[in-house]
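Observations on the model geometry
As a plain string of letters, each chain reads:
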6 protein chains.
Amino acid sequence: MYLPILILFSLLSSSYASVNDFCVADLKLSDTPSGYPCKKAASLTEKDFVYSGLGVAGNTSNIIKAAVTPAFVAQFPAVNGLGISLGRLDIATGGVIPMHTHPGASEVLVNIQGTILAGFISSANKVYYKTLNKGDIMVFPQGLLHFQINSGKGPVLAFVSFSSASPGLQITDFALFANDLPTELVTKTTFLDPAVVKALKKVLGGTG
Amino acid sequence: MYLPILILFSLLSSSYASVNDFCVADLKLSDTPSGYPCKKAASLTEKDFVYSGLGVAGNTSNIIKAAVTPAFVAQFPAVNGLGISLGRLDIATGGVIPMHTHPGASEVLVNIQGTILAGFISSANKVYYKTLNKGDIMVFPQGLLHFQINSGKGPVLAFVSFSSASPGLQITDFALFANDLPTELVTKTTFLDPAVVKALKKVLGGTG
Amino acid sequence: MYLPILILFSLLSSSYASVNDFCVADLKLSDTPSGYPCKKAASLTEKDFVYSGLGVAGNTSNIIKAAVTPAFVAQFPAVNGLGISLGRLDIATGGVIPMHTHPGASEVLVNIQGTILAGFISSANKVYYKTLNKGDIMVFPQGLLHFQINSGKGPVLAFVSFSSASPGLQITDFALFANDLPTELVTKTTFLDPAVVKALKKVLGGTG
Amino acid sequence: MYLPILILFSLLSSSYASVNDFCVADLKLSDTPSGYPCKKAASLTEKDFVYSGLGVAGNTSNIIKAAVTPAFVAQFPAVNGLGISLGRLDIATGGVIPMHTHPGASEVLVNIQGTILAGFISSANKVYYKTLNKGDIMVFPQGLLHFQINSGKGPVLAFVSFSSASPGLQITDFALFANDLPTELVTKTTFLDPAVVKALKKVLGGTG
Amino acid sequence: MYLPILILFSLLSSSYASVNDFCVADLKLSDTPSGYPCKKAASLTEKDFVYSGLGVAGNTSNIIKAAVTPAFVAQFPAVNGLGISLGRLDIATGGVIPMHTHPGASEVLVNIQGTILAGFISSANKVYYKTLNKGDIMVFPQGLLHFQINSGKGPVLAFVSFSSASPGLQITDFALFANDLPTELVTKTTFLDPAVVKALKKVLGGTG
Amino acid sequence: MYLPILILFSLLSSSYASVNDFCVADLKLSDTPSGYPCKKAASLTEKDFVYSGLGVAGNTSNIIKAAVTPAFVAQFPAVNGLGISLGRLDIATGGVIPMHTHPGASEVLVNIQGTILAGFISSANKVYYKTLNKGDIMVFPQGLLHFQINSGKGPVLAFVSFSSASPGLQITDFALFANDLPTELVTKTTFLDPAVVKALKKVLGGTG
């Protein structure tokens, strides 16, 4: 009765060495275009595949009265190489997730609590926006500008799924006004007045 | 002031024709290896990008006391070609999502309500299982056997995200016992007694 | 001497039927997530693989003193499915290609004539910009905000290559101000004053 | 006459550095989602691209009277990153390759010797099975349960090709009964009696 | 007992509609960059997944004393979209598969009978060739020139696997000499004498 | 006013760690099938994204009166993982880029100066060639034999774009005659006379 075990396991353990059923990220090594190198499978436990960081509400005491809590590969190494990741949205009454894009992924939002006015703008500049009630889901295709507004009376809780382990996030206002891109260049490339640009830089922590 | 509009729009509308920012499935046409052909962009409205089918609890009055409600491309054509889709799990007290695989996608589950005992088995036959509390997320890598059990006292609600618009679903018991695969072949390939096979076929609606 | 011809051609012609060496787009059929269906190979000539539309300067008599001439799949069906396309940039003295993204592709620009100040902003809001002289090439990674300014005294000519047959183009100002997205929503999601929004809508042809 | 050599080689050798014509796995380094890092091209010889391990029959003196001999990336590093690998099936008279899946690849089997009864089960639980004679080939799509039975009088020899360098292998009985997954969980997720589960665990080396 | 069947089947049949577990090519429709549109799953039987065309030796009574019998998507529609296909090589004593490439796939050869001298040439012009005995396998990376020679005393039988459903085949001599590419252009681009070119065109059926 | 900055930056910087907006190659580390590992984002400046090597004409004082100057990942690490790269063609009067393939990418050429006669040969041995005037662009699909000839009176300048960061380059004459592949094997696999083979080996620096 031992033979089969030995023989089949010789197959399985060699296959073991080669499988990438999964490739939990070893964040200490350099990233690659396909994701991080894998931790040795032998070192992994069930804890590596579970993440509790989305169980806690984000802090919405801020200018946008909202918070995005990511479970991307940097926070949850188990998604490395699997082409998927998650995030949590908390939006207080009157709060908003400002106009932004995810350069590396499409997004699907599921509304768990509250009322959301969400929309995106296509490459053809056509706008698609709609009120999302509890349980509604909405798609935001890769790389397109989109936003979510709490249009109800109570707080909003939503979970967002992405088609990449590292979708990235580019909030337009922060990209334009929260860094050292010279006001003259912002003005030339956005048609905004220097005064408007400088005012937003001041609010968002930009310089130049 | 018209010129810029005309010229830039000539660019945008030509680009319009070519973009596949998105490719909402035209389910009346034949599927392809990359997904369904796209509906004409001009015919789309915000309604095409929102789905309310996951807002309703699935019927758990069944043998497994559980239901899986998919928002795959067949139910939600907007996910076509985006490499992502969603589903809703309702598991009544004592219910279970039996051992199954998704041949075409990895899965991430987020636990919204209740307590779940979930796990998967690797190609190396190593088992990873853990209790998931509210807000916990867990990864189930592509193609691997996995399960979810309601291990708490109340009902479970969870949302699952997949790295494909059509992940597929193969419930092992249904694959083995709910069709006309001859009992002799099931027996030979699973080492189960014919009596056991016939009993399960009877429960699950199989023949042969 | 006929045998080898017959036999090898029987192989080649069957393989012929199946190759997709190339898949010149049949734009009359519906697009798919991987691109358009292919024209029949037998109907193609050398003309299908050559495009002269980038040989003509774009009209820069417009608000931005610049023009982008695409050779995406919609203009040049031969790039369908090949993961590459081209475009031509003409920027008159003082002209600018405003802040924009390509949701579906990375870009490499080669400067043929003139002096360009070009840059992009990363997901981390870090800005990378540099003056490009004749012959310089610069990378603009997928989905990130970027711009090109004619910073010299003469006209600029550049060619841009994309890692997709339909990279898309989203000019931020046009996405925000050249459509019917209500001023109130633009304001809430960009922190711009309603007056600023309305002024830009007026310039760029937006409403609401 | 040396100039052209020098110049063209300067191109070729620089291109040399960058090509990944091939990427023979350096198994001592960590795997990545796209495969193992490459050995230095300069260190490779023809021996790296040839493997003789499939020339020897597997040992079929075991419970299933069959053996699977893999030439996956772990055994044959040359397939790394090429999206293909091979395996050898030896099935003695009366032997069987039990119900299993390959989580990471589709399979094509070519029957070299003997008679095989092979089949797979779709996500829709539809069964496709057929007798394969010498020279017949059969497809087993990615991630679906499938099996091969020696239905003839002599031994079976077959070669299987996979659409991945590390397809993985999950034999359902081993996944369920050859590890420490508690009997109670197996029972709940498979509807099998505890007695049946315990009996199979005993045969296959499982515990719990 | 009907309820679970109904409910679970409602899931499975909806999932059925969306799965592309497989996508058997409907060769009557236009190909796409990802492969042919799929036949309706309901119309498929086990026969669609099995192909017997490689069970018959190719006719080697020709100039190269060899034959390649493809099981690409055009011959075996079941491989459509699966990223894999097969072929059969028959090489009579003294025969050869001339220098060729597969533009769309890497290849792995398994030697079933006879002795083969096989090799390929890298982008760096380095040559890798070796004698393959029965049971040996060899990799030929995508797009690289390679060849197989019967270097033994008896006939050769081998099966080749490809990492694409339509790998294509470009035999260098046929590409250069079996068509209407003008002798002057062949001469200019290969450094061969016009006389040599004309002689080979005559043998291989070319003109011009 | 600090809170929002802190909170949003906590998101952005965590997302920072995970984004691969870009993955500038660290050429000192081992390549992988998806490209080189990434340099740390914090170490990058605008200089990493700009390359001036294509601004200088290649040396055409050689046997082919032409030069190809690559900006592949080895020369321009910023294209790593982006699925795109560039090259520069200089062809003196009477010069030619001999018959060659790129095993890993499709190519689009844009003619900047002069007159080019360019063509490619399909897997079906069909030839597509055409004269390209200034501004014309032409597609050369992946892996297919193609050539470019200066068919005008002055020098040719062209830029070529590839659908890969390392397209590779295999010049047929160099692959066959510029290495140590034995004359006997070249003869057997190309039908060329040994005398012709030896003569070309002598010109191109081959041996054996």
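All values derive from a computational prediction rather than experimental measurement.

Comments concerning the sheet that holds strand β4 (residues 96–101) of chain B
- Spatially, β7-β6-β9-β4-β11 (chain B) is the arrangement adopted by the five strands of the open sheet, whose pairing is antiparallel. The two strands at the open ends of the sheet, each matched to only one other strand, are β7 (127–132) and β11 (170–171) of chain B.
- Across five bridges, strand β6 (residues 116–121) of chain B lies against strand β9 (residues 146–150) of chain B in antiparallel orientation. Bridge assignment links F120 of chain B to a residue of β9 of chain B, and that residue is H146 of chain B.
- Its contacts with the sheet place helix α3 (residues 183–190) of chain D against β4, β6, β7 and β9 of chain B, and it is angled at close to 95° to β9 of chain B.

A closer look at the relation of the copies chain B and chain A
- Its rotation angle being 180°, the transformation that places chain B on chain A also includes 0.0 Å of axial translation and leaves an RMSD of 0.0 Å. What the rotation and shift describe, once combined, is the action of a two-fold rotation axis.

What to know about the domain arrangement of chain A
- Each assigned domain of chain A is listed with its residue range as follows: domain 1 (46–168) and domain 2 (175–204).
- The straight-line distance from the C-alpha centre of domain 1 of chain A to that of domain 2 of chain A is 26 Å.

Thoughts on the sheet that holds strand β1 (residues 50–51) of chain A
- With antiparallel pairing, six strands are arranged side by side in an open sheet as β1(A)-β8(B)-β5(B)-β10(B)-β3(B)-β2(B). The open sheet has two edge strands, β1 of chain A together with β2 (66–71) of chain B, and neither has a second partner.

Observations concerning helix α4 (residues 194–204) of chain E
Residues and elements named next belong to chain E.
- Among the residues making up α4, those that are buried are V196, V197, L200, K201 and L204. Angularly, the buried residues of α4 cover 135° about the axis, an arc narrow enough to put them on a single face. Away from its buried face, by an angle of more than 90 degrees, α4 presents the exposed residues A195 and K202.
- G205 sits one or two positions beyond α4 and adopts a positive phi of about 90°.

Description of the relation of the copies chain A and chain C
- Mapping chain A onto chain C calls for a screw motion: a turn of 180° about the axis and a shift of 0.0 Å along it, with 0.0 Å RMSD after fitting.
- Taken together, the interface assignments show that 100% of the residues at the interface of chain A recur at the interface of chain C, consistent with an identical surface on both copies.

Quick word on the UniProt feature "binding site: Mn(2+)" (unreviewed entry) in chain A
Residues and elements named next belong to chain A.
- Here, the residues flagged by UniProt with the feature "binding site: Mn(2+)" (unreviewed entry) are H100, H102, E107 and H146. Across 47 residues, the annotated set stays spatially compact, with a maximum C-alpha separation of 12.0 Å.
- Given a relative accessible area of 3%, H100 falls into the buried group.
- Contacts of H100, omitting those with residues within four sequence positions, involve E107, L144, L145, H146, Q148, L169, Q170, I171 and T172.
- Discounting residues that sit within four places of it in the chain, H146 has contacts with P98, M99, H100, T101, H102, E107, G119, F120 and F140.
- Here E107 takes part through its side chain, which lies 2.9 Å from a polar atom of the side chain of H146.

Thoughts on the interface of chain B and chain A
- Between chain B and chain A, the contact holds 51 residues from the first and 51 residues from the second.
- Across the chain B/chain A interface, buried area totals approximately 4,200 Å², and carbon plus sulfur atoms make up 72% of it.
- At the boundary of chain B with chain A, the tally comes to zero salt bridges.
- Connecting chain B to chain A are 11 residue pairs in polar contact (both at pLDDT 80 or more).
- In terms of residue count, β7 of chain B provides more of the side of chain B that touches chain A than any other element does, four residues in total.
- Class assignment of the residues belonging to the side of chain B that touches chain A gives a composition of 33 nonpolar, 11 polar and seven charged.
- When strand β8 (residues 137–140) of chain A meets strand β1 (residues 50–51) of chain B, the two strands line up antiparallel, connected through two bridges. The residue of β1 of chain B that forms the bridge with M138 of chain A is V50 of chain B.

Re the pattern of salt bridges
Residues and elements named next belong to chain D.
- By the definition in use, this model includes 30 salt bridges over all chains.
- The salt bridge partner of K47 is E46, with a shortest N-O separation of 4.0 Å.
- Taking the relative accessible area as the measure of exposure, K47 reaches 58% and is therefore exposed.
- Given the relative accessible area of 25%, E46 is considered partly exposed.

Section: the environment of K130 of chain E
- One can find K130 of chain E in strand β7 (residues 127–132).
- The partly exposed category is assigned to K130 of chain E, whose relative accessible area is 27%.
- Along the sequence, K130 of chain E and G35 of chain E sit 95 residues apart, while their C-alpha atoms lie 34 Å from each other.
- Filtering out sequence-adjacent residues up to four positions away, K130 of chain E remains in contact with E46, K47 and V50 of chain D together with I116, L117 and A118 of chain E.

Looking at helix α3 (residues 183–190) of chain E
All names here are of chain E.
- Burial of α3 is extensive: six of the eight residues sit out of reach of the surface.
- Of all the positions in α3, only T183, L185, V186, T187, T189 and T190 are classed as buried.
- One or two positions beyond α3, positive phi appears at F191, with a value near 65°.

Some points on the confidence of the model for chain A
Residue and element names in this part refer to chain A.
- With 91% of its residues at a pLDDT of 70 or more, chain A shows a mean pLDDT of 92.
- Under a pLDDT of 50 for its full length, residues 1–18 has, in the predicted model, 43 contacts with residues more than four places off or in other chains.
- For this predicted complex, the interface confidence comes out at an ipTM of 0.92, alongside a pTM of 0.94.

A short note on the interface of chain A and chain C
- On the chain C side, the residues contacting the 40 residues of chain A number 40 residues.
- When chain A packs against chain C, the two sides together hide about 3,500 Å² of surface, and 68% of this comes from carbon and sulfur.
- If you look at where chain A meets chain C, you find zero salt bridges.
- The tally of links from chain A across to chain C stands at 11 residue pairs in polar contact (both at pLDDT 80 or more).
- For the side of chain A that touches chain C, the secondary structure elements donating two or more residues are β4 (96–101), β6 (116–121), β7 (127–132), β9 (146–150), α2 (172–177), α3 (183–190) and α4 (194–204) of chain A.
- Considering every element that reaches the side of chain A that touches chain C, the biggest residue donor is α2 of chain A, with five residues.
- Taken together, the residues of the side of chain A that touches chain C sort by class into 25 nonpolar, 12 polar and three charged.

What counts, and where the lines are drawn
Residues numbered from 1 in each chain as written. Chains lettered and ligands numbered in written order. Predicted model: local features only at pLDDT ≥ 70, side-chain atom pairs only at ≥ 80, totals over all residues. Heavy atoms only, no water. Pairing = 2+ DSSP bridges. Helix = DSSP H or I, 4+ residues; strand = E, 2+ residues; numbered from the N terminus. Contact = heavy atoms within 4.5 Å. Axes fitted to C-alpha atoms, helices over the stretch in contact; angles between N-to-C directions. Least-squares fit on C-alpha atoms with pLDDT ≥ 70 in both. Domains from an automatic or database assignment. Buried < 20%, exposed > 50% of the residue type's maximum accessible area, 1.4 Å probe, protein only. Arc of directions from axis to C-beta. UniProt positions renumbered as here; feature names shortened; annotations may be inferred. Polar contact = N/O pair within 3.5 Å; in protein donor to acceptor, adjacent residues only side chain to side chain. Buried area = accessible area lost by both parts, 1.4 Å probe. Salt bridge = Lys/Arg side-chain N within 4 Å of Asp/Glu carboxyl O. Nonpolar A, V, L, I, M, F, W, Y, C, P; charged D, E, K, R; others polar. pLDDT = per-residue confidence, 0-100.

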